[in-house]
There are 4 protein chains.
Amino acid sequence: MTVGNTFGSLFRITTWGESHGAGVGVVIDGCPPRLELTEADLQADLDRRRPGQSRITTQRSEEDRAEILSGVFDGQTTGSPIAVLVRNSDARSDAYDHLRDLYRPSHADYTYEAKYGIRDWRGGGRASARETVGRVAAGAIARKLLSHVAGIEVLAWVSQVHTITTEIDPVKVTLEEVESDPTRCPDPDAAAAIGFAIEEARRDGDSLGGVVTCVARGVPPGLGDPVFDRLEADLAKGMLSLPASRGFEVGSGFGSVVMTGREHNDPFIPGDSGPTTSSNRSGGVQGGISNGSDVLFRVPFKPTATIASPQDTVDTSNVPVVLEARGRHDPCVLPRAVPLVEAMALLTLADHWLRQRAVDLP
Amino acid sequence: MTVGNTFGSLFRITTWGESHGAGVGVVIDGCPPRLELTEADLQADLDRRRPGQSRITTQRSEEDRAEILSGVFDGQTTGSPIAVLVRNSDARSDAYDHLRDLYRPSHADYTYEAKYGIRDWRGGGRASARETVGRVAAGAIARKLLSHVAGIEVLAWVSQVHTITTEIDPVKVTLEEVESDPTRCPDPDAAAAIGFAIEEARRDGDSLGGVVTCVARGVPPGLGDPVFDRLEADLAKGMLSLPASRGFEVGSGFGSVVMTGREHNDPFIPGDSGPTTSSNRSGGVQGGISNGSDVLFRVPFKPTATIASPQDTVDTSNVPVVLEARGRHDPCVLPRAVPLVEAMALLTLADHWLRQRAVDLP
Amino acid sequence: MTVGNTFGSLFRITTWGESHGAGVGVVIDGCPPRLELTEADLQADLDRRRPGQSRITTQRSEEDRAEILSGVFDGQTTGSPIAVLVRNSDARSDAYDHLRDLYRPSHADYTYEAKYGIRDWRGGGRASARETVGRVAAGAIARKLLSHVAGIEVLAWVSQVHTITTEIDPVKVTLEEVESDPTRCPDPDAAAAIGFAIEEARRDGDSLGGVVTCVARGVPPGLGDPVFDRLEADLAKGMLSLPASRGFEVGSGFGSVVMTGREHNDPFIPGDSGPTTSSNRSGGVQGGISNGSDVLFRVPFKPTATIASPQDTVDTSNVPVVLEARGRHDPCVLPRAVPLVEAMALLTLADHWLRQRAVDLP
Amino acid sequence: MTVGNTFGSLFRITTWGESHGAGVGVVIDGCPPRLELTEADLQADLDRRRPGQSRITTQRSEEDRAEILSGVFDGQTTGSPIAVLVRNSDARSDAYDHLRDLYRPSHADYTYEAKYGIRDWRGGGRASARETVGRVAAGAIARKLLSHVAGIEVLAWVSQVHTITTEIDPVKVTLEEVESDPTRCPDPDAAAAIGFAIEEARRDGDSLGGVVTCVARGVPPGLGDPVFDRLEADLAKGMLSLPASRGFEVGSGFGSVVMTGREHNDPFIPGDSGPTTSSNRSGGVQGGISNGSDVLFRVPFKPTATIASPQDTVDTSNVPVVLEARGRHDPCVLPRAVPLVEAMALLTLADHWLRQRAVDLP
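Residues numbered from 1 in each chain as written. Chains lettered and ligands numbered in written order. Predicted model: local features only at pLDDT ≥ 70, side-chain atom pairs only at ≥ 80, totals over all residues.

### Details of the overall build of chain A
Counting secondary structure elements, chain A contains 8 helices and 18 strands. Radius of gyration (C-alpha) of chain A: 21 Å, near the 21 Å computed for a compact globule of 362 residues. A principal-axis box enclosing the C-alpha atoms of chain A has dimensions of 65 × 50 × 35 Å. Expressed as a percentage of its 362 residues, the buried residues of chain A come to 68%. Counted over contacts in chain A with a minimum sequence separation of 6, partners at least 24 positions apart contribute 70%. (Helix = DSSP H or I, 4+ residues; strand = E, 2+ residues; numbered from the N terminus. Rg over C-alpha atoms; globule rule 2.2 N^0.38 Å. Buried ≥ 20, exposed ≤ 12 C-beta atoms within 10 Å, placed from the backbone. Contact = placed C-beta atoms within 7 Å.)

### A short note on the interface of chain A and chain C
At the interface, 36 residues of chain A touch 36 residues of chain C. Contributing elements (two or more residues each) for the side of chain A that touches chain C: β2 (12-17), β3 (23-29) and α2 (109-116) of chain A. Considered class by class, the residues forming the side of chain A that touches chain C number 12 nonpolar, 17 polar and 7 charged. (Nonpolar A, V, L, I, M, F, W, Y, C, P; charged D, E, K, R; others polar.)

### Regarding helix α6 (residues 231-240) of chain D
Within α6 of chain D, 10 of the 10 residues are buried, which leaves it mostly tucked inside the rest of the structure. For α6 of chain D, the set of buried residues is L231, E232, A233, D234, L235, A236, K237, G238, M239 and L240 of chain D.

### As for the environment of V333 of chain B
Residue and element names in this part refer to chain B. With respect to the helices and strands, V333 occurs in the loop between β18 (320-323) and α8 (334-359). You can call V333 buried: it has 27 C-beta atoms within 10 Å. Expressed as a C-alpha distance, the spacing of V333 and S89, which sit 244 residues apart in the sequence, is 21 Å. Leave out the neighbours within four places in its chain, and V333 touches A244, F301 and T304.

### Focus: the sheet that holds strand β16 (residues 295-301) of chain A
Spatially, 10 strands are ordered β9(A)-β8(A)-β10(A)-β16(A)-β11(A)-β11(B)-β16(B)-β10(B)-β8(B)-β9(B) in an open sheet, and the strand pairing comes out antiparallel. Because the sheet does not close on itself, it has two edges, and the strands there are β9 (164-165) of chain A together with β9 (164-165) of chain B. Bridge count for strand β10 (residues 210-217) of chain A against β16 of chain A is 7 bridges, and the pairing is antiparallel. Paired with V215 of chain A across the bridge in β16 of chain A is L296 of chain A. (Pairing = 2+ DSSP bridges.)

### Examining the relation of the copies chain B and chain A
Note on the identical chains: chain B maps onto chain A by a rotation of 180° and an axial translation of 0.0 Å, with an RMSD of 0.0 Å. Accordingly, the operation relating the two chain copies is best matched by a two-fold axis. When the interface residues of chain B are mapped onto chain A, 100% of them again fall at the interface, so both copies present the same face. (Least-squares fit on C-alpha atoms with pLDDT ≥ 70 in both.)

### Some remarks on the relation of the copies chain A and chain C
Both copies of the chain are tied together by a single rotation about an axis and a shift running along it. If you rotate chain A by 180° and push it 0.0 Å along the axis, it lands on chain C with an RMSD of 0.0 Å. Most of the interface of chain A is mirrored in chain C: 100% of its interface residues are interface residues there too.

### Section: the interface of chain B and chain A
Across the boundary between the two partners, chain B contributes 91 residues, which contact 91 residues of chain A. Looking at the side of chain B that touches chain A element by element, the count peaks at 6 residues for helix α6 (residues 231-240) of chain B. The residue inventory of the side of chain B that touches chain A, partitioned by class, reads 39 nonpolar, 36 polar and 16 charged. As defined by bridge partners, strand β11 (residues 247-250) of chain A adjoins strand β11 (residues 247-250) of chain B across 3 bridges and the pair is classed as antiparallel. Bridging from a neighbouring strand, E249 of chain A pairs with G247 of chain B of β11 of chain B.

### As for the nonpolar core
Core analysis: the largest hydrophobic core is formed by 408 residues, its most contacted members being V212 of chain A together with V212 of chain D. Non-local contacts of V212 of chain D, meaning those with residues more than four positions away in its chain, are made with A156, W157, V158, S159, V299, F301, L334, A337, V338 and V341 of chain D. (Core = buried A, V, L, I, M, F, W, Y, C linked by C-beta atoms within 7 Å.)

### Some thoughts on the environment of A233 of chain B
The topology assignment puts A233 of chain B in helix α6. C-alpha separation for the pair A233 of chain B and Q286 of chain B, spaced 53 residues apart in sequence, amounts to 12 Å. With near-sequence residues (within four places) excluded, A233 of chain B lies in contact with K237, L240 and S241 of chain A together with F228 and G288 of chain B.

### Things to note about the sheet that holds strand β10 (residues 210-217) of chain D
With antiparallel pairing, the 10 strands of this open sheet are ordered in space as β9(C)-β8(C)-β10(C)-β16(C)-β11(C)-β11(D)-β16(D)-β10(D)-β8(D)-β9(D). Unpaired on one side and paired on the other, β9 (164-165) of chain C together with β9 (164-165) of chain D mark the two borders of the sheet. By the bridge criterion, 8 bridges tie strand β8 (residues 153-161) of chain C to strand β10 (residues 210-217) of chain C in an arrangement that is antiparallel. Considered in β10 of chain C, the bridge of V154 of chain C is made with A216 of chain C.

### Things to note about the pairing of strand β7 (residues 82-87) of chain C
Residue and element names in this part refer to chain C. Most of β7 sits out of view: 5 of its 6 residues are buried. One ladder, built from 6 bridges, connects strand β3 (residues 23-29) with β7; its direction is antiparallel. Counted as the bridge partner of I28 is I82 from β7. Pairing of strand β4 (residues 67-68) with β7 involves 2 bridges; the strand directions are antiparallel. In the sheet register, E67 faces β7, and the bridge partner there is L85.

### Things to note about the packing of helix α6 (residues 231-240) of chain C against helix α8 (residues 334-359) of chain C
All names here are of chain C. Contact pair α6 / α8: the axes reach a minimum separation of 9 Å and the direction vectors enclose 145°. Read as a crossing pair, α6 and α8 show a hand that is right-handed. The segment α6 lies against α8, with L231, D234, L235, G238 and M239 engaging V341, M344, A345, L347, T348 and H352. By residue class, the composition of the contact of α6 with α8 is 7 nonpolar, 3 polar and 1 charged. (Axes fitted to C-alpha atoms, helices over the stretch in contact; angles between N-to-C directions. Left-handed = near helix turned anticlockwise from the far one by under 90°.)

### With respect to unusual backbone geometry
Leaving glycine aside, a negative phi is the common case for residues, and trans is the common case for peptide bonds. With an omega of 5°, the peptide bond running from P226 of chain B to V227 of chain B counts as cis. With respect to the helices and strands, V227 of chain B occurs in the loop between β10 (210-217) and α6. One non-glycine residue, R34 of chain A, lies in the positive phi region at around 70°. For R34 of chain A, the location among the structural elements is in the loop between β3 and α1 (39-49). We classify R34 of chain A as partly exposed; it has 14 C-beta atoms within 10 Å. Its identity as a non-glycine residue notwithstanding, D64 of chain D has a phi of 55°, on the positive side. The topology assignment puts D64 of chain D in the loop between α1 (39-49) and β4 (67-68). The buried category is assigned to D64 of chain D, around which 22 C-beta atoms lie within 10 Å.

### What to know about the confidence of the model for chain A
Here chain A averages 94 in pLDDT, and 96% of its residues register 70 or above. Scoring the predicted complex yields pTM 0.97 and, for the interface, ipTM 0.97. (pLDDT = per-residue confidence, 0-100.)

### Digging into the pairing of strand β12 (residues 268-271) of chain D
All names here are of chain D. Note that β12 and strand β13 (residues 274-277) share 4 bridges and pair antiparallel. Paired with F268 across the bridge in β13 is T277. Two successive antiparallel strands, β12 and β13, enclose a turn made up of 2 residues.

### Observations regarding helix α3 (residues 133-150) of chain D
Residues and elements named next belong to chain D. Taking 1.5 Å of rise per residue, 18 residues should cover 26 Å, and α3 covers 25 Å from first to last C-alpha, within 8% of that figure. Here α3 lies mainly inside the structure; 14 of its 18 residues are buried. Backbone geometry just after α3 places G151 at a positive phi near 65°. (Expected span 1.5 Å × (residues − 1).)

### Section: the environment of R135 of chain C
Residues and elements named next belong to chain C. Following the sequence through the fold, R135 ends up in helix α3 (residues 133-150). For R135, a count of 28 C-beta atoms within 10 Å puts it in the buried group. Separated by 206 residues in sequence, R135 and V341 have C-alpha atoms that sit 9.9 Å apart. Sequence-distant contacts of R135, defined by excluding residues within four places in its chain, comprise T15, L340, A343 and M344.

Structure (structure tokens):
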């Protein structure tokens with residue numbers, strides 16, 4: 001970590017771009033050669049992140065067509081950096097003119113101004129969630145790599161919105177179940193309630209938060225580099241780097257606090273290919289290293305800061321004003337946060353998989 | 001991040017050492033020159049981390065005398081790397097002979113063996129909490145730097161153990177209050193209950209978890225490097241790199257989920273030296289950058305994995321055995337986790353403070 | 001350093017692109033905010049690197065129009081990453097069909113195949129000098145930064161081609177003198193001889209090497225980070241990363257070997273603003289840190305590997321064949337190497353300037 | 001690269017220590033586990049670097065006993081960081097009292113003061129060649145790793161001192177030949193002349209420079225990471241990071257300049273296990289990647305800056321003074337530079353070997 005727009009060490013991405021500039025993109029360096037890759041591989045995940053995909057997301061309409069500019073030859077990666085470009089199209093900058101001179105509450109307007117002394121006020125600029133396009137494109141490549149070389153799959157879903165909770169078995173839930181509803185909640189009853197709650201929040205000029213749960217299956221024992229680059233530490237960093245995320249917990253997480261050691265420890269039992277555990281409160285990670293069980297974690301996202309209600313704030317001269325919200329936004333980011341959580345998990349796992357390969361000598 | 005024992009970019013530490021080897025230590029590279037520094041500056045924090053400091057911590061007795069081997073001349077830092085060595089003294093390796101051939105539940109024994117194909121089984125080796133000595137020594141230097149150049153102070157405390165919760169005002173709580181009780185819980189009634197609960201858990205051969213809350217005061221606006229090295233992302237990584245930690249939340253954290261946007265947003269109001277907010281659900285960070293308010297976060301720690309009760313597990317041949325726990329350990333890591341949380345927060349803030357200085361041109 | 005397409009730490013660039021792909025480009029992360037920047041700033045240096053600029057360079061004709069895709073708003077940098085794209089236009093891939101199945105001598109064809117198991121054989125792919133477009137674009141930004149904040153200027157020129165040597169005073173030579181001849185040799189007599197020699201080599205189907213000398217003026221004392229990131233060490237890395245470069249020497253360089261200590265040492269004398277030296281055999285760097293004198297170094301480039309003469313080689317089946325060279329190329333890379341040397345010097349100095357700023361506390 | 005005392009990415013070292021502090025040392029992070037390692041493995045190379053080993057080196061007498069503090073268990077590396085400590089013993093600081101207030105010509109006294117505003121003036125402090133102890137200890141571990149897993153060996157020797165040149169076949173020269181003379185010149189006649197010249201320089205109060213040539217044998221094709229982390233670029237950085245080194249050239253180096261392309265290109269010919277070349281002007285590297293031939297390079301070292309003759313200089317108040325040299329020093333660093341060059345080459349190759357392993361998927 002040095003300057004802030006690069007993530008990973010061996011499988012390393014650098015993202016760039018603003019909400020209302022020429023476009024957004026990413027350079028992936030360190031992808032192994034001879035992996036089959038086409039633009040269609042990226043598009044599947046980009047379409048899950050795309051605005052305007054359902055009635056409960058923002059109405060901003062971007063096609064988000066990814067162009068691979070380098071690093072792929074004859075349908076295969078070459079080992080050289082892969083540059084991906086997505087042009088911005090539906091960028092109505094004038095819709096943001098009223099934001100030029102004030103700071104939206106719980107947005108990054110003020111902090112960007114304080115840090116850089118200048119701020120691209122058009123739609124959040126670099127702080128816009130549009131920045132995550134590059135992450136998702138890169139995550140799709142990591143997904144292909146992990147699937148191909150390691151049999152690892154990553155799946156996330158909406159497990160809570162506001163007070164609506166769910167009961168979902170992380171061992172069994174499938175992508176089809178997650179994608180079967182625009183809320184990306186694989187519990188049909190909860191999904192219906194969540195959809196209703198989001199619609200109601202929109203009508204009310206308000207917004208809702210929630211929790212994304214994520215599982216990585218097929219992770220071999222041995223990923224993670226103590227003492228600082230523990231697998232859960234790098235996952236935590238990745239998740240907290242997402243817009244609107246507020247926390248992270250692995251396995252039993254905050255819930256471990258009210259258990260005793262006798263209740264909480266995962267007993268080892270003999271498995272077919274070595275020791276395994278009869279419970280998974282560790283969330284698949286012990287001492288910072290994967291233990292072969294499913295890696296399990298949860299990420300809370302706050303209610304969208306942009307709301308269609310008047311709010312007290314100050315302008316850039318430090319004078320009180322009332323903000324009348326306009327522009328297009330999601331009343332709840334959870335459905336579109338699912339591919340973001342997956343992308344950061346995929347990137348983290350791909351990096352650690354390559355790192356472990358480097359030192360795991362015969 | 002590349003190999004796992006280095007943390008930070010400009011203020012960068014590399015730790016080394018195992019529980020029962022020759023010692024533990026750290027190299028700090030990037031500390032600015034001409035900072036007054038003596039071994040006594042390190043000892044204060046090391047003593048807070050030291051085992052055997054009270055009846056509710058492990059009885060292992062280490063003096064933990066820090067020797068500064070380099071980087072300080074005439075009582076001042078020189079800009080060259082500062083190496084710190086703490087010799088191990090009370091290392092009764094033979095007390096661990098029975099762990100040579102089995103895997104303790106919810107410890108790192110199995111995962112280290114799976115990753116490295118070899119494991120220093122004496123007292124946890126590198127996975128022991130003894131590894132954190134180097135972090136605390138380095139954190140003490142970061143504390144001195146931040147206090148000297150930036151007026152930033154970091155304070156943590158035990159805010160929950162098992163089901164015993166507290167009401168503590170993070171704006172007002174003082175180091176004296178925290179240190180007034182061996183539990184490091186600054187709420188006297190809760191501290192008494194926590195002390196009692198820990199003693200009871202020990203007698204019962206069980207263990208307890210809890211939550212550490214941390215505040216950083218005096219943080220200027222502008223620290224944090226979007227989009228990946230957000231301040232809260234690097235804090236999260238630091239906290240999840242601590243042994244036994246299970247999660248992280250900043251500001252409203254997981255609690256933000258059950259609030260609506262209208263309830264959750266922090267309104268800006270005019271402050272004396274620029275905009276400030278009338279509430280602090282953001283936890284002092286917006287868009288990954290500090291906003292000048294107190295930085296606030298919480299870290300849950302699981303109940304100690306070592307318990308003085310028989311447990312089912314397997315040996316290194318994948319055969320079931322019963323582990324009869326021996327050795328010395330803390331029935332609750334929370335009191336000693338407080339200086340660890342502070343250390344990782346101090347290191348993260350020192351790094352970001354230097355990073356911001358580099359690019360903040362006149 | 002981890003994966004190979006990133007250079008620098010605080011002023012950090014990541015380049016991408018191949019000779020005959022969609023384009024080439026660079027992402028610059030860490031450029032301080034509020035620097036005035038337009039595409040024209042980049043174009044000046046890109047035009048000096050551009051093929052087809054004179055009769056003695058390759059006839060490949062690329063306009064090399066740089067598009068800034070991000071990180072600039074209202075004519076100023078924002079502190080967010082600056083992405084630059086240059087589309088490839090005159091990419092006659094079919095001219096390279098005959099290279100698909102053989103390895104050109106002293107090119108990277110074989111080693112790329114050996115490393116990656118796949119190779120973009122169209123015009124050298126990633127190993128083409130076309131890759132340096134991104135470096136030059138980024139170097140132009142570093143030039144603007146260094147000029148603006150530090151008064152540092154970097155100038156390089158051709159000081160030798162084959163056996164034709166020059167006598168040029170590095171203290172006085174100007175950009176105008178360098179640019180006054182297509183050879184970029186500021187000694188008019190030598191320039192004429194060099195131009196003639198290059199033309200002759202082309203007619204003869206042969207190629208020539210030479211030396212670029214570079215000076216950085218206005219470098220303040222204090223840049224460079226011992227013990228590994230010495231200023232000359234990072235310069236050396238930058239120069240050896242350039243295609244066709246074969247070495248590096250700073251100050252007296254290899255020539256120091258035949259001097260004695262009494263002859264070689266630079267005596268300190270009192271200067272107006274502190275100590276200076278009466279000679280500059282140190283090349284402006286002592287102990288890895290700039291001393292305030294001009295930073296001086298030299299870089300040899302081998303004769304172009306592509307020659308218009310038949311050569312013995314092997315094909316991808318390890319069978320001897322004769323290569324009949326075609327395609328367009330420079331019979332001598334020296335004139336176009338000048339902006340490349342400057343770019344790597346500028347990038348190295350910008351990085352170290354920011355690094356020094358971070359730790360140079362009041 | 002960020003702060004200057006770390007080298008490498010996957011096989012990564014951090015050195016610390018000053019000439020007259022408590023000691024010097026290194027932490028090696030990323031060494032693969034299960035490599036047999038004892039302190040004796042380090043001592044062999046440390047003894048070659050040690051002062052006082054022969055009549056032509058400094059008379060400072062240090063035993064340089066290396067203590068391994070961590071990362072080795074039961075005689076094998078564990079994958080955890082390896083800390084090595086060498087205590088300083090014969091540190092006569094008072095011999096340097098006269099250097100407290102002046103700047104020695106062509107030393108780092110002035111630049112350290114300019115950069116850090118403070119300087120450990122005892123024997124050069126961090127800028128002393130004593131700092132290289134940690135590099136040599138780490139290089140010995142890299143040597144063992146490369147020998148064990150890859151069959152790579154690295155050998156360097158003195159090929160020139162002042163005007164005395166040699167004719168040595170880099171393909172055939174052996175360690176025994178190099179070590180057979182205290183000059184580390186494997187050409188007996190030249191060695192005799194060099195020994196004589198060094199003695200004469202010492203008597204004369206003067207000093208000499210020279211060239212170290214280095215070969216790496218058994219390097220497989222594929223090491224090196226274009227475009228910036230080319231193998232020769234990282235070697236160049238490593239060599240220019242050594243005290244008193246002034247340059248670097250790979251293969252034909254500066255000599256390539258006076259050859260034409262027809263003369264210089266290395267023709268490919270069929271080899272037993274793939275293409276090879278009938279000459280090796282490339283020095284074993286093409287396009288930044290090893291090609292399977294011997295890697296060959298040369299490093300010039302300037303005449304020792306410390307001489308036993310009076311010299312003009314200035315004091316810390318910028319007033320002219322005459323320096324009467326005292327203290328112990330080498331009149332020619334070349335013999336002791338040989339293990340330093342080997343160490344940096346070994347570290348660079350070990351790092352790239354691990355890097356290539358990470359991405360070289362089946």
